[in-house]
Amino acid sequence: MSCNRSPDCYNEPLLPGSIRLLRLLPNEDKGTPIRCELFHYALQQSNKRTHLYDALSYVWGGSDKPRSIFIRQHIPTSGCDFTSEFDLPVTENLHAALLRLRDHYIERIIWIDAVCINQKDEREKEIQILLMAKIYAQASRVIVWLGEAADGSDQVLQAIRMAGGQELGNALNDEMTQQAVIALLQRPWFRRIWILQEVAAARHILIMCGPTEIDGHAFCLGIDSFKGFDKVGVDLRSFIHSVTYLISGAIFRPGFSISRSGRSSLEICPLGELMDMYYDHEATQRHDKVYALLGMSSDDLSKTNLLPDYKVPWEELLQRLVKYLLCEEISVETGGCGGEIVAIKSKGYILGQVFLEESYTSQNSRNGVDVNFKNSEGSARWTLQISAKSIQNGDIVCLLQGASKPTIIRPCQDYFRIIKIAARTPETIPIGGGYIEWPKLFLPGIPLTARDLLLIWDWENSLEKFPYLE
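Residues numbered from 1 in each chain as written. Predicted model: local features only at pLDDT ≥ 70, side-chain atom pairs only at ≥ 80, totals over all residues. Heavy atoms only, no water.

## Some points on the overall build of the protein chain
To keep things clear, this is the line we draw: By the criteria applied, helices consist of DSSP H or I runs no shorter than four residues and strands consist of E runs no shorter than two, each listed in order from the N terminus. Using the Shrake-Rupley algorithm and a 1.4 Å probe, accessible areas are obtained, with residue cover drawn only from the displayed protein chains.
Across its full length, the protein chain carries twelve helices and 21 strands. In the form shown here, the protein chain has an accessible surface area of approximately 21200 Å², with 49% of it arising from carbon and sulfur atoms.

## What to know about the side chain of Gln128
Let me state the cut-off plainly: Think of it in three bands: residues with accessible area under 20% of the maximum for their type are buried, residues over 50% are exposed, and the middle band is partly exposed, with areas taken using a 1.4 Å probe on protein chains only. By definition, residues are in contact when any of their heavy atoms lie within 4.5 Å.
Looking at the secondary structure, you find Gln128 in helix H3 (residues 122-129). When its relative accessible area of 2% is taken as the criterion, Gln128 is described as buried. Excluding anything up to four places from it in sequence, Gln128 contacts Leu14, Ser18, Ile19, Ile117 and Ile135.

## Some words on the packing of aromatic side chains
Basically, it comes down to this: In this scheme Phe, Tyr and Trp rings, the latter by its six-membered ring, pair at centre separations within 6.5 Å, and the angle between planes marks the pair as stacked below 30 degrees, edge-to-face above 60, and tilted otherwise. Two thresholds decide whether a charge sits over a ring: the Lys NZ or Arg CZ must be within 6 Å of the ring centre and within 35 degrees of the ring normal.
Counting across every chain of the model gives eleven aromatic pairs. Ring geometry for Tyr291 and Tyr310: centres 5.3 Å apart, planes at 85°, overall edge-to-face. Taken together, the positions of Tyr291 in helix H11 (residues 288-294) and Tyr310 in the loop between H11 and helix H12 (314-325) put the pair 19 residues apart, joining distant regions of the chain. On the basis of relative accessible area, Tyr310 is assigned to the buried category, the value being 12%. Members of the aromatic cluster, joined through ring pairs, are Tyr279, Trp314, Trp457 and Trp459. Of note, Lys125 hangs over the ring of Tyr310, and the distance from its end group to the ring centre comes to 5.2 Å. Geometry around Phe355 places Lys374 over its ring, the cationic atom sitting 5.3 Å from the centre.

## Focus on the side chain of Gln197
With respect to the helices, strands and loops of the structure, Gln197 is situated in helix H7 (residues 194-201). Since its relative accessible area comes to 2%, Gln197 is described here as buried.

## Points about the confidence of the model for the protein chain
Formally: Confidence of the predictor at the level of single residues is given by pLDDT, which spans 0 to 100.
For the protein chain, per-residue confidence averages 86 on the pLDDT scale, and 88% of positions sit at 70 or higher. Every residue in residues 359-366 scores below 50 in pLDDT, and together they form 16 contacts with partners more than four places removed in sequence or on other chains.

## Notes on the packing of helix H5 (residues 153-164) against helix H6 (residues 175-185)
Put simply, the test is: To obtain an axis, a line is fitted to C-alpha atoms, over the contacting stretch when the element is a helix, and the angle between two such axes runs from 0 to 180 degrees between their N-to-C directions. The scheme is simple: roughly parallel for angles under 35 degrees, roughly antiparallel for over 145, roughly perpendicular for 65 to 115, oblique for anything else. The classification used treats Ala, Val, Leu, Ile, Met, Phe, Trp, Tyr, Cys and Pro as nonpolar, Asp, Glu, Lys and Arg as charged, and all other residues, Gly among them, as polar.
Where H5 contacts H6, the two axes come as close as 9 Å, and the packing angle between them is 100°. Taken together, the axis directions place H5 and H6 in an arrangement best described as roughly perpendicular. Each of Ser153, Val156, Leu157, Ala159 and Ile160 in H5 lies in contact with H6, whose residues at this interface are Thr177, Ala180, Val181 and Leu184. Taken together, the residues of the contact of H5 with H6 break down into seven nonpolar, two polar and no charged.

## As for unusual backbone geometry
Positive phi outside glycine occurs at Glu267, with the angle close to 55°. Note that Glu267 resides in the loop between strand S11 (264-265) and helix H10 (271-278). A residue is classified by how much of its surface remains accessible, and Glu267, at 45% relative accessible area, is partly exposed. Its identity as a non-glycine residue notwithstanding, Gln413 has a phi of 55°, on the positive side. Relative to the helices and strands, Gln413 resides in the loop between strand S17 (407-412) and strand S18 (415-420).

Below is the structure:
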């Protein structure tokens, strides 16, 4: 006997270390409503990739035109096995992805954040965020959904595949193809901050755009050969290179680790470097500009106050972040139209300036940026990680009192703009007529003179109406 009800499909809470997976039911008719089932799944406590599910990486898209999918639930009771369906609204973009993913005959098992996490339960979201790196790392495949076909995307992906395989050396070099490639790369997926962790964790990536598919590694090889980046802004180049850098490097990473707090991490680099590289990516909730990067951080964040908690006001979270990256004793104020401008008052030491090497050609080199660190005592070579703000000749290297890493700043009238808030430390710096290793800089007797500094860390690239600067 089958009876229809409308229960909440999230009425059963998740156990620690568990996730929900979506069983996408097959249908030959594209016009048939999408029907699915949700079930609980316990992730293994190892990084062996034995989990036969796909994980979807996509942009939610606007919610002004929601579409329905139907979640089936089987509720056994005495004498009656109820089958109920719960009408779950999803965005139009996710609905389109599910239609493309639905097979005619075979069910598919997929993890999708908008469906597998109860979006009305903030605490569940906070707990599941800690598992995100593990969820994507243990998926058999990560599927990137760029959206439906448009602006010649079918032909473009074929040309990118051919260029990556060197089947046709100039596959991406004619004017019309270059414009179509740029249109594809301007899709919102490349700017979304959550996708960084999703592709970094993956070991196998399939990119889909409408009916066309391309392997993730082949996509990166093709984009690497693209000669049309001189026709786009620095921002787009930065977004694209950050994505291809993570996709290409994922197969060489050892996996993920589990911290004491239960957070899964890919341990790519310290949080400060991640913030410098990726703070300009987009998020629906500003908190996610921090939380989306935690799963890639090599820092031990178990004892910090940065773990996901959406009840913390954004301004307070941003102040916590700055104090963690620099030191607790500094004065921090936030402002700006979007609350993404930080003013920092602190004493600090001016260590020297940086100058780009003559052979330097691209701010987006995957190996970083080679610079010369210079002051009145001498010079030293220094390799810096890429960042959202490009380094310029003459940028200043300073060390704030209490900080352990240098900050790169740029003079702007009566304040300094932060270019890199927590740069990689140089091996040595010229000081006192010789060279000393960076850790010895903190020993007593090193001849450094402190000065008062006003630093501005601007995520909005707009300093208008900021009270410190009036």
